[in-house]
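Close look at the chain arrangement
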Amino acid sequence: MLDRAGTTELVANLFRITQTQDRLVVSPVDGKNKAGKVHKEVGETVRHAIEKIGGTMPEDLAPEKDIKLLKKEMEKKGQLHDSSKKIAD
């Protein structure tokens, strides 16, 4: 899924994850089920924020070109540096 996510979707997911993590640090909970509930609540809040500001919901975003295909194209064109090869693998 993330191989075809664009910047907007990746950043929204990162925001959701970091906000969940911060909330769990500030207000720890016991058990995976309760932590999952916090994650879901934060995710719903992020979705409401996207909706409120008039953003595009993640499921409505067009998928980007698969990162593996982009990597191959860049390799063929000689545009991929050695350090990038390791990250993209």
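Since this is a predicted model, take the numbers as computed values, not measurements.

**Quick word on the overall build of the protein chain**
A count of helical and extended segments in the protein chain gives 4 helices and 0 strands. Of the regular secondary structure in the protein chain, the N- to C-terminal order runs α-α-α-α. Across the 89 residues that make up the protein chain, the buried fraction comes to 18%. Intrachain contacts of the protein chain at a sequence separation of at least 6 include 39% that bridge at least 24 residues. Carbon and sulfur atoms provide 56% of the accessible area of the protein chain, an area that totals close to 7,300 Å².

**Focus on helix α3 (residues 67–77)**
Capping the start of α3, aspartate 66 holds a side-chain oxygen 2.7 Å from the backbone nitrogen of lysine 68, two or three residues further along. Just beyond α3, the residue with positive phi is glycine 78, at close to 75 degrees.

**Some remarks on the side chain of glutamate 9**
Within the secondary structure, glutamate 9 sits in helix α1 (residues 7–26). Apart from residues lying up to four places away in sequence, glutamate 9 is in contact with Pro58 and Leu61.

**What about the environment of lysine 40?**
When you line up the elements, lysine 40 lands in helix α2 (residues 32–52). What makes lysine 40 exposed here is its relative accessible area of 56%. Put simply, lysine 40 and threonine 20 are 20 residues apart on the chain and 8.8 Å apart in space, counted from C-alpha to C-alpha.

About the cut-offs
- Residues numbered from 1 in each chain as written.
- Predicted model: local features only at pLDDT ≥ 70, side-chain atom pairs only at ≥ 80, totals over all residues.
- Heavy atoms only, no water.
- Helix = DSSP H or I, 4+ residues; strand = E, 2+ residues; numbered from the N terminus.
- Buried < 20%, exposed > 50% of the residue type's maximum accessible area, 1.4 Å probe, protein only.
- Contact = heavy atoms within 4.5 Å.
- Areas by Shrake-Rupley, 256 points an atom, 1.4 Å probe, with all protein chains shown as cover.
- Polar contact = N/O pair within 3.5 Å; in protein donor to acceptor, adjacent residues only side chain to side chain.

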